[in-house]
Structure formats: structure tokens, C-alpha cells
Amino acid sequence: MRVFYENWQMECCGTPFAVGDEVSWPLVAYDAEGVREGHGYGARAWVENHGGPDRPAVGRVHAVDLVHEEYSFSLPDPAPEPVEPRDGVVFRSTGRGLEPVPGTLTLEPSDSCPKWFEEVDRGTVDGLGRVRRTRGALVTLDVPDATPPQPGDHR
């Protein structure tokens, strides 16, 4: 069975693993709408470390592919206008408004899954900044009972 282990789930509460390891994970199946929308990069289920099923699935890791995707964002103006402080606090805009770049999704075979995932600055393309982010790990998991709980099933 293919399982998606999202980057933030690992960084928050996960334990790194490698091909050949036996793991015990709370899995939740993607519903039909999630599959249609491409959630999980082709996986049947995802690891849910926050409020997942009471009975985790136990299986052996057969393969790991790190999922990479590029994002674009607007670059800040070179000389932003001064911001007036309010009650001694200066407000500045934050965030980059990342937008996925179509056709940049790649899978990288790996022997293991890291605890922390990287973001690589790809420079500027067509006036927009670009970064390549590792979204998580797509894991092939050998599970004796390969039926993940359905959404909302907290067995």
C-alpha cells in the first residue's frame, strides 16, 4: 500500500524511518474527492499523528520516495515604503504567497525518511522567486491487513 507522510507530520511528531523498518502508524484513507484532487500523490492513505485512528497499522517499509515540488512567489519591492509604527509596534507583511509551479513535481528514491525537510532557493524565473520544497515521503508499506480505516473511522 502507498502511504503519504506529510513533511509537517514528520517534523512535528514523527520518528525517522528507513527501508526495511517495521513501523506503526495511524493511517487514514483518502476519500474519493481527495484522490480526484491529487492529494497524497497517488497514496491510498496518509499518516495522521493528530487524532488519527486508535489502532495504528503495523507494516514494513518497502520503499521511500521523497516528494519535491517547486513554488513561485512575488519578490518584494527593492525599496518598500516606510511603515508607520502603531503604539510602538511596526507592522510588516509576512509570507511569500507560494504558488505551485505546474509540472515540477518529482519523486526522489531514498533509503530513508529524514526528520527535517529542505527548501532550496531556485533563484528567479520570469520575475518571480522560486523555491523547491520537499513535501513529504511517499512510502510503499507492506501491511498484512492493507485496508486503512475510512475517513472518520477511529477504530
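All figures in this text were calculated on a predicted structure; none of them were measured in a lab.

Visitor: Go over the pattern of salt bridges, please, and point to the residues and values.
Guide: Within the structure shown, the criterion is met by 5 salt bridges. For the salt bridge of E119 with R133, the shortest nitrogen-to-oxygen distance reads 2.6 Å. Highlighted residues: E119 in strand β10 (residues 119-125) and R133 in strand β11 (residues 128-142), separated in sequence by 14 residues. Judged by relative accessible area, which is 37%, E119 ranks as partly exposed. For R133, a relative accessible area of 27% corresponds to the partly exposed category. Within the structure, one salt-bridge network assembled from shared partners comprises E70, R122 and R130.

Visitor: Describe the packing of aromatic side chains, with residues and values.
Guide: Inspection of the entire model under this criterion finds 5 aromatic pairs. Judged by centre distance (4.9 Å) and plane angle (65°), the rings of F17 and W25 are edge-to-face. Classification of F17 by relative accessible area gives buried; the value is 4%. A relative accessible area of 7% places W25 in the buried class. Geometrically, the ring pair formed by Y30 and W46 is tilted, given 4.9 Å between the ring centres and 45° between the ring planes. Here W46 lies in strand β5 (residues 45-47) and Y30 lies in the loop between β4 (27-29) and α2 (32-36), a separation of 16 residues in the sequence. Clustering of aromatic rings is evident, with ring pairs tying together Y5, F17 and W25. When the ring centre of W116 is taken as reference, the NZ or CZ atom of K115 above it lies at 5.8 Å.

About the cut-offs
Residues numbered from 1 in each chain as written. Predicted model: local features only at pLDDT ≥ 70, side-chain atom pairs only at ≥ 80, totals over all residues. Heavy atoms only, no water. Salt bridge = Lys/Arg side-chain N within 4 Å of Asp/Glu carboxyl O. Helix = DSSP H or I, 4+ residues; strand = E, 2+ residues; numbered from the N terminus. Buried < 20%, exposed > 50% of the residue type's maximum accessible area, 1.4 Å probe, protein only. Phe/Tyr/Trp six-rings, centres within 6.5 Å; stacked < 30°, edge-to-face > 60°. Lys NZ or Arg CZ within 6 Å of the ring centre and 35° of its normal.

None of this, on its own, says anything about what the molecule does.
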